[in-house]
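Below are the chains, spelled out letter by letter.
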There are 2 protein chains.
Amino acid sequence: MGNIPPQAKKVFTGQIFDVYQWEQTMFDGSTETFEMLQRPNMVQILTVVEDKILVIQEEQPNMPQVTSIPGGRQDAEDATPLEAAKRELEEETGYTSTEWSELFLWEPHRKIAMKQYCFLAKHATQTGVQQLDPGERISSTIISFEEFITLASSNIFQAQELQKEILRMRLEPGALEAFRERLFS
Amino acid sequence: MGNIPPQAKKVFTGQIFDVYQWEQTMFDGSTETFEMLQRPNMVQILTVVEDKILVIQEEQPNMPQVTSIPGGRQDAEDATPLEAAKRELEEETGYTSTEWSELFLWEPHRKIAMKQYCFLAKHATQTGVQQLDPGERISSTIISFEEFITLASSNIFQAQELQKEILRMRLEPGALEAFRERLFS
């Protein structure tokens, strides 16, 4: 949403977050030091398994357990966000798909330059086994579309941008049915 | 949501964001450098003026214009989040209220330690004039409850956590009426 301007200088390189600053001209002609962050793109995967949807319970060190869908960061090894999504789904669940498409693209933060992608993986099948990092504990569950909509609307669901899309779809006549059609056709 | 653990060290002090890092023990006993940010608390004000609600159009340097409700950061001068809310409302709009309460408290980010408060300012009246920073251009509009619910549900509304609460209320029978009652009683 916010963009880091070209004259900005990187003043800190972090593990996840890089900090940029620049002198910004204000409306009265004075200047102030402005600051924004950059972090790697994030990907999520809405995984359709037969007539159901795959959700995960994830535990990380120093974090409470969360309910979400598979996903993670686009690493240096991932040439594109889609590559990152394919890698994350396979590592976290052992599932793969041959029918991928982009469902949503968000830029959720005003002061953090970061894109968040949600991909749709249709007709997914379990072709391998979980290969987790030492900082992950993940278990998968397959639930019905109706159960997914209820879960994704609730406070315990951690994919917040997807949650907002689903709340909006529930309020717009026909939108949820069109979404179901897109997932399971 | 995430908490910065006590052994974390501050490795960068920014204009807005401070960066903390620590050695985190992983599930297999290995360690990795973990990172989180801390930023000042944010406050928002839902301002009730007679039977209407105050919304703002805000422009900041290097940012697209946004539609939202009054608000800002809790500065060092603000002893409490409520003090910050009173100051921000008066500076941004010239309105004051003698009937304040806390509506919502969110911790929206997993890797950013920050609380976001939404206060309710009932029976507000314009007792002064706008006193803007050189980095702000703000115009206020007073709209009906129904117009507010429509606006707050739409993509152009920037108060994202409040938006989610309102979408949820629209889906829960009776919740929106109870909210209206709380605002205008």
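Provided above is the structure to which this section pertains.
Note that this is a predicted model, so its numbers are computed, not measured.

## Considerations on the overall build of chain A
Inference 1: Along its length, chain A carries four helices and 13 strands.
Inference 2: Principal-axis analysis of the C-alpha atoms places the extent of chain A at approximately 60 × 45 × 30 Å.
Inference 3: A buried classification covers 54% of the 185 residues belonging to chain A.
Inference 4: Summing over all exposed atoms, chain A offers an accessible surface of approximately 8500 Å²; the carbon and sulfur share of this is 46%.
Inference 5: For chain A, the separation between the mean place of its 17 positive charges and that of its 29 negative charges on side chains is 4 Å.

## Overview of the interface of chain A and chain B
Inference 1: Facing the 54 residues of chain A at the interface are 54 residues of chain B.
Inference 2: Summed over both partners, the interface of chain A with chain B buries about 4800 Å², with 60% contributed by carbon and sulfur atoms.
Inference 3: Area buried by chain A at its contact with chain B is led by F27(A), R110(A) and L171(A), which between them contribute 16% of it.
Inference 4: Of all the secondary structure elements, the ones that give two or more residues to the side of chain A that touches chain B are β1 (9-13), β2 (18-25), β3 (31-38) and α3 (160-171) of chain A.
Inference 5: Here the side of chain A that touches chain B gets eight residues from one element, more than from any other, and that element is α3(A).
Inference 6: Across the side of chain A that touches chain B, the residue classes break down as 22 nonpolar, 19 polar and 13 charged.

## Description of the packing of aromatic side chains
Inference 1: One pass over the full model with this rule turns up 13 aromatic pairs over all chains.
Inference 2: Ring centres of F104(B) and W106(B) lie 5.4 Å apart, and the angle between their planes is 15°; this geometry places the pair in the stacked category.
Inference 3: For F104(B), a relative accessible area of 15% gives the class buried.
Inference 4: Note on W106(B): relative accessible area 7%, which makes it buried.
Inference 5: An aromatic cluster is present here, built from F145(A), F179(A) and F184(A) joined pairwise through their rings.
Inference 6: Positioned above the aromatic ring of F34(A), the side-chain terminus of K111(A) is 5.7 Å from the ring centre.
Inference 7: Just above the ring of F27(B) sits the side chain of R137(A); from NZ or CZ to the centre is 3.9 Å.

Rules used in this analysis
- Residues numbered from 1 in each chain as written.
- Chains lettered and ligands numbered in written order.
- Predicted model: local features only at pLDDT ≥ 70, side-chain atom pairs only at ≥ 80, totals over all residues.
- Heavy atoms only, no water.
- Helix = DSSP H or I, 4+ residues; strand = E, 2+ residues; numbered from the N terminus.
- Buried < 20%, exposed > 50% of the residue type's maximum accessible area, 1.4 Å probe, protein only.
- Areas by Shrake-Rupley, 256 points an atom, 1.4 Å probe, with all protein chains shown as cover.
- Lys, Arg positive; Asp, Glu negative; His and termini not counted.
- Charge placed at Lys NZ, Arg CZ, Asp CG, Glu CD.
- Contact = heavy atoms within 4.5 Å.
- Buried area = accessible area lost by both parts, 1.4 Å probe.
- Nonpolar A, V, L, I, M, F, W, Y, C, P; charged D, E, K, R; others polar.
- Phe/Tyr/Trp six-rings, centres within 6.5 Å; stacked < 30°, edge-to-face > 60°.
- Lys NZ or Arg CZ within 6 Å of the ring centre and 35° of its normal.

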